[in-house]
Amino acid sequence: MKGLILFLTILISMTSRAQQCATAMTEAKRLESMVTGVYYTSESDDFWTAFSSKEAITANTDEEIKRVLNGKIIDPDNETYEPTYRIENDSEAYKFLNWELDSLVHYASDDPEDDSPERFQKLINSIKEKYGKNIRLIQYGHGDGRSIFIGYHAIIMIMDNGCVFGLKVFTVWT
């Protein structure tokens, strides 16, 4: 009987952990839907994609965030290279988002029916309203991350329960 109780306790714990970050992916998908079809303006012309951790962080540190994301931001083709992995603060995250908004405004000025800037501004407003300073910018790839970079940029948020989620985009700056 004790074995059965122990087994059920472990099973319930594993199920609970597996479901712990399901709401994080739901929230990431909500943000993704706000910018569906909006190009990220770099040489890659990629779209924003939702992702989330499968488990919560145990401490709010860069190392712990990197651990729980464990491959959620890396190249889907599993390229093997020595990457740059940098986590920036909320100020840098908003600076990156605003830079992207300015780029979208510039490119949309040629097409009066392009609503990308408005939709991207709504994304920024939604993130600011709901997460405020609790966001970060991650860069994962090759290069200095300023003028030359090939890899992913990701905007991440951390939920109250410690689950990490966000939007990522493949970037090529040469």
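Now for a look at the structure at hand. (Residues numbered from 1 in each chain as written. Predicted model: local features only at pLDDT ≥ 70, side-chain atom pairs only at ≥ 80, totals over all residues. Heavy atoms only, no water.)

### Quick word on the overall build of the protein
Tallying secondary structure elements over the protein gives five helices and five strands in all. Order of helices (α) and strands (β) in the protein, N terminus to C terminus: α-α-β-α-β-α-α-β-β-β. Within the protein, the proportion of its 174 residues that are buried is 42%. Restricting the contact set of the protein to residue pairs at least 6 apart, pairs at least 24 apart contribute 63%. For the protein, the accessible area works out to roughly 9,900 Å², and carbon and sulfur atoms hold 54% of it. (Helix = DSSP H or I, 4+ residues; strand = E, 2+ residues; numbered from the N terminus. Buried < 20%, exposed > 50% of the residue type's maximum accessible area, 1.4 Å probe, protein only. Contact = heavy atoms within 4.5 Å. Areas by Shrake-Rupley, 256 points an atom, 1.4 Å probe, with all protein chains shown as cover.)

### So, the pairing of strand S3 (residues 135-143)
When you tally the buried positions in S3, you get seven out of nine residues, the bulk of the element. Note: strand S2 (residues 84-88) against S3, five bridges, orientation antiparallel. Following the sheet pairing, tyrosine 85 is matched in S3 by tyrosine 140. (Pairing = 2+ DSSP bridges.)

### Quick notes on the pattern of salt bridges
Taken as a whole and judged by the stated rule, the model has eight salt bridges. In this structure, the salt-bridge partner of glutamate 27 is lysine 130, at a minimum N-O distance of 3.6 Å. Linking glutamate 27 in helix H2 (residues 22-34) with lysine 130 in helix H5 (residues 116-131), this pair joins segments that are 103 residues apart in sequence. A salt bridge links arginine 86 to glutamate 88, with the nearest nitrogen and oxygen atoms 3.2 Å apart. The class of arginine 86 is partly exposed, set by a relative accessible area of 23%. The class of glutamate 88 is buried, set by a relative accessible area of 15%. Look at the salt bridges and you will find they share partners, linking Glu27, Arg30 and Lys130 into a network. (Salt bridge = Lys/Arg side-chain N within 4 Å of Asp/Glu carboxyl O.)

### Comments concerning the sheet that holds strand S4 (residues 149-158)
Sheet strands pair via backbone hydrogen bonds, and the direction of the pair is either parallel or antiparallel. Spatial strand order, S1-S5-S4-S3-S2: five strands in an open sheet with antiparallel pairing. Only two strands of the sheet have a single neighbouring strand rather than two, namely strand S1 (49-52) and S2. With direction set aside, neighbouring strand axes in the sheet form an average angle of 25°. (Axes fitted to C-alpha atoms, helices over the stretch in contact; angles between N-to-C directions.)

### Some words on the state of the cysteines
For the structure on display, the rule yields one disulfide. The disulfide that involves cysteine 21 links it to cysteine 163, with 2.0 Å between the sulfurs. For the disulfide bridge between cysteine 21 and cysteine 163, the dihedral angle about the S-S bond is near -80°, and by the sign convention the bridge is left-handed. With cysteine 21 in the loop between helix H1 (2-20) and H2 and cysteine 163 in the loop between S4 and strand S5 (164-173), the pair connects residues that are 142 residues apart, well separated along the chain. For cysteine 21, a relative accessible area of 4% corresponds to the buried category. (Disulfide = S-S within 2.5 Å.)

### Examining the packing of helix H4 (residues 90-108) against H5
The geometry of H4 relative to H5 is characterised by a closest axis approach of 8 Å and an angle of 165° between their N-to-C directions. Here H4 is positioned roughly antiparallel relative to H5, judged by the angle of their axes. Here the hand of the crossing between H4 and H5 comes out left-handed. From H4, Tyr94, Leu97, Asn98, Glu100, Leu101, Leu104, Val105 and Ala108 reach across to H5, where they touch Ser116, Pro117, Phe120, Gln121, Ile124, Ile127 and Lys128. A per-class count over the contact of H4 with H5 returns 10 nonpolar, three polar and two charged. (Parallel < 35°, antiparallel > 145°, perpendicular 65-115°, else oblique. Left-handed = near helix turned anticlockwise from the far one by under 90°. Nonpolar A, V, L, I, M, F, W, Y, C, P; charged D, E, K, R; others polar.)

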